[in-house]
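Spelled out, the chains give:
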Amino acid sequence: DTSHIWVAPTLNVVVDTISTYIGGRNIRCFNDKQGFIRLMPEGGITAFTGYDVFDLDYEWSNDKTTKDITGLGAGNYSVIITDKLNCRDSDAYVLTQPERLRTTVDEINELSCHGADGIITPVTTGGTPNYRYCWTTPIDYMLPSPVCEDTLFQVLEGHYSLQVLDTNNCALTV
């Protein structure tokens, strides 16, 4: 008589992909829910013919039970993977996000009583630098809207609005 003993290699959680955007963060814009974690576990029962990563049980800290999780915001996530042989492994991940995009408009040169001599410029923090600016200007401003410059010269009296886009196209309008 011959006996066969099957020994499964150790089950390991292996990350296939975690969302990463310019600036090295895992979430594109502050408070977005577009992050993801994709796994490609190895070992355990998946080493045997006829079994693959979809034959494992996944227990995520956010109550998901799939191999990959999507629609994630910034935060801590952990997973426990179990195979049919009761082999287990776990891992934890931290998804980060940029700070909230904020902009104020500074008046560099105050508008005089003669008009059309003011200078305004944005001061931006958060998000992911570099920033792009587009101003909506009054109808009688010297250039037609939008004016996509960081600083406006020859500002005259009227309503101005500003759209700010960071490197990841996160937007803010002031």
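Structure: above.
Residues numbered from 1 in each chain as written. Predicted model: local features only at pLDDT ≥ 70, side-chain atom pairs only at ≥ 80, totals over all residues. Heavy atoms only, no water.

Caption draft 1: Representation of the state of the cysteines within the structure. A full pass over the atoms with the stated rule returns 2 disulfides. Here the disulfide map of the protein chain reads 1-4, 2-3, the bonded cysteines being numbered as they appear in the sequence. (Disulfide = S-S within 2.5 Å.)

Caption draft 2: Highlighting the nonpolar core. Ranked by size, the top nonpolar core spans 18 residues in total, and within it Ile37, Leu39, Tyr58, Trp60, Val79, Ile81 and Tyr93 carry the most contacts. Contributions of two or more residues to this core are made by strand S2 (35-39), strand S3 (57-60), strand S4 (69-72), strand S5 (75-82) and strand S6 (88-95). With 3 residues, the top contributor of residues to this core is S5. Residue contacts for Ile37: discarding those within four places in its chain leaves Thr17, Ile18, Trp60, Asp68, Ile69, Leu72, Tyr77, Tyr93 and Leu95. Grouped together as the second largest cluster of nonpolar side chains are 12 residues, Ile120, Tyr133, Val147 and Tyr160 included. (Core = buried A, V, L, I, M, F, W, Y, C linked by side-chain atoms within 4.5 Å. Buried < 20%, exposed > 50% of the residue type's maximum accessible area, 1.4 Å probe, protein only. Helix = DSSP H or I, 4+ residues; strand = E, 2+ residues; numbered from the N terminus. Contact = heavy atoms within 4.5 Å.)

Caption draft 3: Spatial organisation of the sheet that holds S6. With respect to topology, 3 strands assemble into an open sheet ordered S3-S5-S6, the strand pairing being antiparallel. Two strands lie at the open edges of the sheet, namely S3 and S6, each paired on one side alone. Ignoring strand direction, the axes of neighbouring strands in this sheet form an average angle of 20°. For S3 and S5, the ladder comprises 4 bridges, and the chain directions are antiparallel. Bridging across to S5, Trp60 finds its partner in Val79. (Pairing = 2+ DSSP bridges. Axes fitted to C-alpha atoms, helices over the stretch in contact; angles between N-to-C directions.)

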